[in-house]
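Chain by chain, the residues run as shown.
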Amino acid sequence: MPNRERLDDELRAILPDLEAAIRADDRGWRRARSWPTNVRRAAAMALLLALDAVILFGSPRTDLEVLPVVRTLAVIAGVLVCAALAAALFLRPLDRRPVRRSTFGSAVAALTILPLALALLPAAHHDLGAHPESFVGAGADFWPRAIGCLLFGSLVGAPVAAGLLLVDRRPRTGPGRLMLAAGFGGAAGSLGLLLHCPLEVVTHRVTGHGAIAVAVALLLALALRLIRRLVEFRSAA
Amino acid sequence: MEAYAKGDTSAFSELFTRHGGAVFGRMQRSVGCAAARDLTQQTFLQLHRARRDFRIGAAFAPWLMTIAQNVLRDHLRRAARAPGSVSLLDEPAAPSRAQSAADVRESVQAALAQLPASQREVVRGYWLEHRSYSDIARDLGITRGAVKVRAHRAYRTLRRILLAQGYDA
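The model shown is predicted, which means the values in this text are computed figures rather than measured ones.

A. Examining helix 7 (residues 133–140) of chain B more closely. Residues and elements named next belong to chain B. Considered for burial, the residues of helix 7 that qualify are Ile 136, Ala 137, Asp 139 and Leu 140. Considered in projection along helix 7, the buried side chains sweep an arc of 165° and stay on one side of the axis. Just beyond helix 7, the residue with positive phi is Gly 141, at close to 75°.

B. Fine view of the interface of chain A and chain B. Contact residues are listed per partner, giving 28 residues for chain A and 28 residues for chain B. Mapped by element, the contributors of at least two residues to the side of chain A that touches chain B are helix 1 (4–25) and helix 4 (101–119) of chain A. Looking at the side of chain A that touches chain B residue by residue, the class counts come to 14 nonpolar, four polar and ten charged.

C. View of the nonpolar core. Core analysis: the largest hydrophobic core is formed by 50 residues, its most contacted members being Ala 83, Ala 86, Leu 111, Ala 161, Leu 164, Phe 184 and Ala 187 of chain A. At the level of elements, helix 2 (37–58), helix 3 (69–90), helix 4, helix 5 (142–166), helix 6 (175–196) and helix 8 (212–236) of chain A are the ones that each hand at least two residues to this core. Here the element with the most residues in this core is helix 6 of chain A; it accounts for eleven residues. What Ala 161 of chain A contacts, discounting residues up to four positions off in sequence, is Ala 181, Ala 182, Phe 184, Gly 185, Val 216 and Leu 220 of chain A. Formed by 21 residues, the second largest nonpolar core is a distinct cluster that contains Leu 18 of chain A together with Val 23, Val 31 and Phe 44 of chain B.

D. Summary view of the packing of helix 5 of chain A against helix 8 of chain A. Residue and element names in this part refer to chain A. Two numbers describe how helix 5 lies on helix 8: the axes approach to 9 Å, and their chain directions differ by 55°. The angle between helix 5 and helix 8 places the two elements in the oblique class. Where helix 5 crosses over helix 8, the two elements pack in a sense that is right-handed. Counting all contacts with helix 5, which are made through Leu 150, Gly 153, Ser 154, Gly 157, Ala 158 and Ala 161, the residues of helix 8 involved are Ile 212, Ala 215, Val 216, Leu 219 and Leu 220.

E. Here's a closer look at helix 6 of chain A. End to end, helix 6 of chain A covers 30 Å across 22 residues, agreeing with the expected 32 Å (1.5 Å per residue, within 8%). Taking burial as the measure, the 22 residues of helix 6 of chain A include 17 buried ones, the bulk of the element.

Reading guide: rules and limits
Residues numbered from 1 in each chain as written. Chains lettered and ligands numbered in written order. Predicted model: local features only at pLDDT ≥ 70, side-chain atom pairs only at ≥ 80, totals over all residues. Buried ≥ 20, exposed ≤ 12 C-beta atoms within 10 Å, placed from the backbone. Helix = DSSP H or I, 4+ residues; strand = E, 2+ residues; numbered from the N terminus. Arc of directions from axis to C-beta. Contact = placed C-beta atoms within 7 Å. Nonpolar A, V, L, I, M, F, W, Y, C, P; charged D, E, K, R; others polar. Core = buried A, V, L, I, M, F, W, Y, C linked by C-beta atoms within 7 Å. Axes fitted to C-alpha atoms, helices over the stretch in contact; angles between N-to-C directions. Parallel < 35°, antiparallel > 145°, perpendicular 65-115°, else oblique. Left-handed = near helix turned anticlockwise from the far one by under 90°. Expected span 1.5 Å × (residues − 1).

Here's what the structure looks like:
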């Protein structure tokens, strides 16, 4: 242990920088990090719900009327529960004991494969006569539609995951936490596709819907790398 | 802390004056002086962000030290992930006859850097931070037995590496 005098010197040297960091932290969007944890969790979920509500009311799937209501509501509820658990885990405050690594790893794995599990669910309806548009997306149409859905889901999921990162208090996001945030975004993207895409062809859903969490993770990693480069460039300039 | 949680910003410097030394001391024991400054600052920044999570009437010091411990753990994990970034050897192994302390330190650092991150964390926690296997197990989220297995494997590997460099068993 340093002696008292040296310790006081160290603390005196830290305080001005610390106060400046706190002042910077109280400006603009950074203030959101100081919201109480439950408010931050609610805000992340609200962003997810808001984007998916825009899809539901702005561009709903065309076969909504032939979907089985109970099953659809059960799937939506399941996705929302998974997303809420992901937000709770990701935004777990630092004044609490950390969760076990195995628990964390299981959550990340579960959220990463959630979109794939949803894609592999049996078709919600088989009524080709009532809604033939649900059974296109094969042959020459396959790749354009699959890539379209992957982009759509990723573009819904990425801002939701970014929202989660914005209210995160930790200084850096490691690969595991990045993947958890991507899983949260993936849940948002999957829900968006569930509400938007009427295709019931399993190959389309696996290809276009099943890898959204991974696609969101790639987008986030790319964005974070660009931001870090930009910050380095600006501080060097 | 209650005043600070309720919005009295002037209470912060009082908190820092009262508890900064304990946090800095905890960090310094683990990571040395330079990193301790950064981690102490990080801990109090996290305190600032978490002030509205503080339950009025709860004990403040354990709450703050939990934050400090988590900040330290995150730092050590990041350091373990970065290859060759071990910089925590404040107390090198006992120097052998022929080599200087600096040589030994360098060799042990190089050997430690070759360990898998999971084993390196355990060696560092036990030998350099003087923490118990139970504490390390709790922080890493694994069982005490798993920590001992990692430690055993790490010592075996370190021994092999150092023997190959001509050190005595």
